[in-house]
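Examining the three-dimensional arrangement
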Amino acid sequence: MNRLKGKTCLVTAAGQGIGRAAALRLAAEGARVIATDINTRLLDSLTALETAQLDVTRPGEIAEFTAAIGPVDVLFNCAGIVHRGNVLDCSEADWDFAFDLNVKAMFSMIKGCLPGMVEQKSGSIINMSSVVSSLRGVLNRCAYGASKAAVIGLTKSVAADFASRGIRCNAICPGAIDSPSLHDRLAEAGDFDAAKRDFTASQPMKRLGTVDEVAALVAFLASDEAAFMTGQTHVIDGGGGN
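Because the structure is predicted, anything quoted here is derived from the model rather than measured.

1. Structural notes on the overall build of the protein chain
Each helix and strand in the protein chain was counted, giving 7 helices and 9 strands. Over its C-alpha trace the protein chain gives a radius of gyration of 17 Å, about what one expects of a compact globule, namely 18 Å for 242 residues. With respect to the principal axes defined by its C-alpha atoms, the protein chain has extents near 50 × 40 × 35 Å. A separation of at least 24 residues holds for 70% of the contacts in the protein chain among residues at least 6 apart in sequence. Carbon and sulfur atoms make up 52% of the accessible area of the protein chain, which totals about 11200 Å². Charge separation in the protein chain, taken as the distance between the mean sites of 23 positive and 26 negative side-chain charges, equals 6 Å.

2. Focus on the side chain of R168
With respect to the secondary-structure elements, R168 resides in strand β6 (residues 167–174). The side chain of R168 is buried and forms no salt bridge, while D224, the nearest opposite charge, is found at 5.3 Å. Within the local environment of R168, its side chain forms a polar contact with the backbone oxygen of S223, the two atoms lying 3.1 Å apart. Polar contacts involving the side chain of R168 include one to the main-chain carbonyl oxygen of A226, which spans 3.0 Å.

3. A closer look at the nonpolar core
L26, F76 and I125 are the most contacted members of the largest nonpolar core, which totals 57 residues. It is helix α3 (residues 92–120) that contributes the most residues to this core, 9 residues altogether. Leave out the neighbours within four places in its chain, and F76 touches L10, V11, T12, I18, G19, A22, I126, M128 and V218. Among the nonpolar cores identified, the runner-up in size contains 6 residues, and L186, A195, F199 and L208 belong to it.

4. Let's talk about the packing of aromatic side chains
Under the criterion given, the structure shown has 1 aromatic pair. Judged by centre distance (4.8 Å) and plane angle (35°), the rings of W95 and F99 are tilted. Taken together, the positions of W95 and F99, both in helix α3 and 4 residues apart, correspond to about one turn of that helix. Classification of W95 by relative accessible area gives partly exposed; the value is 33%.

5. A word on the packing of α3 against helix α4 (residues 142–162)
For the pair α3 and α4, the least separation of the axes is 8 Å and the interaxial angle reads 15°. The angle between α3 and α4 falls in the class roughly parallel. Here the hand of the crossing between α3 and α4 comes out right-handed. When α3 is examined against α4, the residues W95, A98, F99, N102, V103, M106, F107, I110, L114 and V118 are found in contact with a partner set consisting of C142, A143, Y144, A146, S147, K148, A150, V151, L154, V158 and F162. Here the contact of α3 with α4 is composed, by residue class, of 18 nonpolar, 2 polar and 1 charged.

6. Focus on the environment of C142
Its place among the elements puts C142 in helix α4. In this structure C142 comes out as partly exposed when scored by relative accessible area, which is 24%. For the pair C142 and C90, spaced 52 residues apart in the sequence, the C-alpha separation amounts to 7.5 Å. Setting aside anything within four residues of it in sequence, one finds C142 in contact with G85, N86, V87 and W95.

7. Focus on the sheet that holds strand β1 (residues 8–11)
Spatially, β3-β2-β1-β4-β5-β6-β9 is the arrangement adopted by the 7 strands of the open sheet, whose pairing is parallel. Two strands bound the open sheet, and with one partner strand each, they are β3 (50–53) and β9 (233–236). Neighbouring strand axes in the sheet, compared pairwise and without regard to direction, differ in orientation by 20° on average. Across 3 bridges, β1 lies against strand β4 (residues 74–77) in parallel orientation.

About the thresholds
Residues numbered from 1 in each chain as written. Predicted model: local features only at pLDDT ≥ 70, side-chain atom pairs only at ≥ 80, totals over all residues. Heavy atoms only, no water. Helix = DSSP H or I, 4+ residues; strand = E, 2+ residues; numbered from the N terminus. Rg over C-alpha atoms; globule rule 2.2 N^0.38 Å. Contact = heavy atoms within 4.5 Å. Areas by Shrake-Rupley, 256 points an atom, 1.4 Å probe, with all protein chains shown as cover. Lys, Arg positive; Asp, Glu negative; His and termini not counted. Charge placed at Lys NZ, Arg CZ, Asp CG, Glu CD. Buried < 20%, exposed > 50% of the residue type's maximum accessible area, 1.4 Å probe, protein only. Salt bridge = Lys/Arg side-chain N within 4 Å of Asp/Glu carboxyl O. Polar contact = N/O pair within 3.5 Å; in protein donor to acceptor, adjacent residues only side chain to side chain. Core = buried A, V, L, I, M, F, W, Y, C linked by side-chain atoms within 4.5 Å. Phe/Tyr/Trp six-rings, centres within 6.5 Å; stacked < 30°, edge-to-face > 60°. Axes fitted to C-alpha atoms, helices over the stretch in contact; angles between N-to-C directions. Parallel < 35°, antiparallel > 145°, perpendicular 65-115°, else oblique. Left-handed = near helix turned anticlockwise from the far one by under 90°. Nonpolar A, V, L, I, M, F, W, Y, C, P; charged D, E, K, R; others polar. Pairing = 2+ DSSP bridges.

Put into structure tokens, the structure is as follows:
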């Protein structure tokens, strides 16, 4: 299938997990993919794609990078971090970093890519949010949930402002996805295998989602098949993940 043939797609945090799976899926759909990550070692195996180091917490670096690559058709904002703790546990520094990486980085990436999309009168922006956001509150995810709720607000704002100019902006809200990020959190329990087994058993489908399943949704939202969809929160959580 080549439904993205002729499109240029920019992906952040493409070195592992959902970002990597999405970059590979977009390329498989025929797109030119520019895969970025702060850790270039994680990009080494993506030999069939264009790769570049990018620190999305640095607005100046983003501005220079997006100006250098020129217009893109698709921006997938995947970079983010999960902080653990309730409001009393959360330090001001952790709160600020959660918003810097989970929200401000997307704001800066959109600022860098949107003018080119407006000029060509088309574009798809896909922001990584979470069911842990304005959609659902869970234990010990204060900074994370608040920042991912802000992502939904940013998504809806961009969608409303630029729909008439041919730009679509959607948010993806995963639940429990079998990814390096989830593995890190399960490892905090001490017994990784037991934690993963118990966590999986708590899911309605009795399994975790896969990064490839999320990547398929990214590819759909990037394609012209989703041309009438904007400003939406696309939940992919197996019926109520944690």
